[in-house]
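Observations on the model geometry
Residue strings, one per chain:
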Amino acid sequence: MGSKITFYIVRHGKTILNTLNKVQGWSDTPLTKEGIEVAENLGKGLKDVKFSSAFCSDLRRTRETINIILKNSDQKELPVTEKPELREICFGAYETALATEMFKDVALYLHYTNAQDLFNDIFDKNKEITYKEAVNTISILDPMKMAEDFNTVEKRTHKALSDMVQIESKNKENKNVLIVSHGLSITLMLHNLGGKRLFVKDLENASVCKVVFEDGKYIIESVNDMSYAEKGKNS
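Small disclaimer: the values here were computed from a predicted structure and weren't measured. (Residues numbered from 1 in each chain as written. Predicted model: local features only at pLDDT ≥ 70, side-chain atom pairs only at ≥ 80, totals over all residues. Heavy atoms only, no water.)

Digging into empty space enclosed by the protein
Test applied: Definitions used for this entry: grid spacing 1 Å over protein atoms alone; cavity, a set of points where a 1.4 Å probe fits but cannot get out; pocket, an open set with protein on both sides within 12 Å along at least 5 of 7 lines; lining residue, one with an atom within 4 Å of a point. Grid points are joined across faces, edges and corners, and a volume is the space filled by probe spheres set on the points. Helix and strand definitions follow DSSP, with helices as H or I runs of at least four residues and strands as E runs of at least two, each counted in order from the N terminus.
In total, this model carries two cavities of 30 Å³ or more according to the counting rule given. The volume enclosed by the largest cavity comes to roughly 50 Å³. Lining the largest cavity we find Phe 103, Phe 119, Tyr 131, Ala 134, Val 135, Ile 138 and Leu 184. By residue number, the principal contributor to the lining of the largest cavity is helix α6 (residues 131-141), which donates four residues.

Here is the structure:
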């Protein structure tokens with residue numbers, strides 16, 4: 001039997017653009033006071049987890065978050081590897097636009113009168129509309145043709161995860177790996193590991209998705225888990 005690798009996949013802390021409800025993909029803003037505090041709490045809540053390695057995207061908000069987590073979990077000496085494949089989806093011309101305007105455009109293109117009805121159907125397993133269609137519509141509507149489609153992001157994020165498995169599987173020891181990435185990129189990374197059931201309306205800032213790799217298989221243990229941050233807050 002080989003080693004077990006447990007991935008703690010974290011969405012970054014809250015940023016200025018998150019607070020303003022604006023689209024933030026490859027555009028980047030620093031963490032807010034609230035974003036720093038929740039990352040500090042998460043770090044305290046992860047003190048009992050000893051990480052063998054740490055990875056984040058090459059965007060500032062994930063670097064800030066992972067450094068805060070490691071500092072507050074007493075593991076600040078652990079080196080961090082930046083992987084561009086962990087970036088958030090690129091939204092093209094919609095970058096920094098109001099999120100409500102972007103999703104209104106997506107809803108209208110898909111023949112919905114409003115975004116709320118669209119998302120109600122996406123998260124209803126009895127409906128045929130999927131999150132994949134919504135993401136691909138952003139790419140279609142982008143006049144700059146820079147926005148990424150669903151398959152592009154799913155492929156690059158899953159490659160990042162596979163690369164980490166190769167690195168961490170070099171010996172028989174069990175490992176814990178910390179990853180800090182972005183809401184949509186995490187969702188798409190996990191998509192082909194667990195299917196539509198994984199989709200939540202929003203991964204919260206500083207939430208944890210826990211994924212175990214063992215015997216050549218991925219097992220998703222939890223999604224959008226805020227218990228570590230709550231534990232740290234109450235410590």
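Observations regarding the packing of helix α4 (residues 99-109) against helix α5 (residues 115-122)
The following threshold applies: To get an axis, a line is fitted to the C-alpha atoms, and for a helix only the part in contact is used. The angle between two axes follows their N-to-C directions and goes from 0 to 180 degrees. Oblique is the label for any angle not covered by the other classes, which are roughly parallel (under 35 degrees), roughly antiparallel (over 145) and roughly perpendicular (65 to 115). Working rule for contacts: check all heavy atoms of both residues, and any pair within 4.5 Å makes them a contact.
Two elements in contact, α4 and α5, have axes separated by 8 Å at closest approach and are oriented at 70 degrees. With respect to each other, α4 and α5 are oriented roughly perpendicular. Between α4 and α5, the residues in contact are Phe 103, Lys 104, Val 106 and Ala 107 and Ala 115, Leu 118 and Phe 119, respectively.

Examining the state of the cysteines
Our working rule: In what follows, a disulfide is any cysteine sulfur pair within 2.5 Å.
In the structure shown here, the tally under the stated rule is zero disulfides. With no disulfide of its own, Cys 56 has Cys 209 as its nearest cysteine by sulfur position, at a separation of 17 Å.

Some details on the nonpolar core
To keep things clear, this is the line we draw: In this description, a nonpolar core means a group of buried Ala, Val, Leu, Ile, Met, Phe, Trp, Tyr and Cys residues linked to one another through side-chain atoms lying within 4.5 Å. Exposure categories follow from relative accessible area, calculated using a 1.4 Å probe and restricted to protein chains: below 20% of the type maximum is buried, above 50% is exposed, and the middle band is partly exposed.
Counting residues in each nonpolar core, the largest one holds 23 residues, and the members touching the most others are Phe 91, Leu 118, Ile 122 and Ile 138. Broken down by secondary-structure element, the contributors of at least two residues to this core are α4, α5, α6, α7 (150-168) and α8 (183-194). Setting aside residues no more than four positions away along its own chain, Leu 118 makes contact with Val 106, Ala 107, Leu 110, Tyr 112 and Ile 129. Within the second largest apolar cluster, 21 residues are counted, among which are Phe 7, Ile 9, Ala 160 and Met 189.

Observations concerning the side chain of Ser 53
In plain terms, the rule: The definition of a polar contact used here is a pair of N or O atoms within 3.5 Å, where within protein one atom must be able to donate a hydrogen and the other to accept one, and adjacent residues in sequence count solely through side-chain atom pairs.
Mapped onto the elements, Ser 53 comes out in strand β2 (residues 53-56). Here Glu 168 takes part through its side chain, which lies 2.6 Å from a polar atom of the side chain of Ser 53.

Observations regarding the sheet that holds strand β1 (residues 5-11)
In plain terms, the rule: Any two strands are treated as partners once DSSP identifies two or more bridges connecting them.
What the six strands build is an open sheet, ordered β3-β2-β4-β1-β5-β6; its pairing is mixed. Of all the strands in the sheet, just β3 (80-82) and β6 (217-225) have a single pairing partner and so form its edges. Averaged over all adjacent pairs, the angle separating strand axes in this sheet is 20 degrees, with direction ignored. Looking at chain direction, strand β5 (residues 208-214) and β6 are connected through six bridges and run antiparallel. By the bridge assignment, Val 208 is partnered in β6 with Asp 225.

Side note on unusual backbone geometry
Positive phi values are uncommon outside glycine, yet His 111 reaches one of about 70 degrees. By secondary structure assignment, the location of His 111 is in the loop between α4 and α5. In this structure, Ala 206 takes a positive phi of about 70 degrees despite not being glycine. Within the secondary structure layout, Ala 206 lies in the loop between α8 and β5. Residue Ala 206 is classed as buried on the basis of its relative accessible area of 1%.

Description of the pattern of salt bridges
Quick note on the threshold: Salt bridge, as used here: a side-chain nitrogen of Lys or Arg that lies within 4 Å of a carboxyl oxygen of Asp or Glu.
A full pass over the atoms with the stated rule returns 13 salt bridges. Its salt-bridge partner being Asp 48, residue Lys 231 comes within 3.2 Å of it at the nearest N-O pair. Note that Lys 231 is positioned in helix α9 (residues 227-233) and Asp 48 in the loop between α2 (33-45) and β2, a separation of 183 residues in sequence. For the salt bridge of Lys 210 with Glu 221, the shortest nitrogen-to-oxygen distance reads 3.9 Å. One end of the pair, Lys 210, is in strand β5; the other, Glu 221, is in strand β6, with 11 residues separating them in the sequence. On the basis of relative accessibility, which here comes to 18%, the residue Lys 210 falls in the buried class. Salt bridges linked by common partners bring Lys 83, Glu 85, Lys 159 and Asp 163 together as one network.

Keep in mind these values describe shape, not function.
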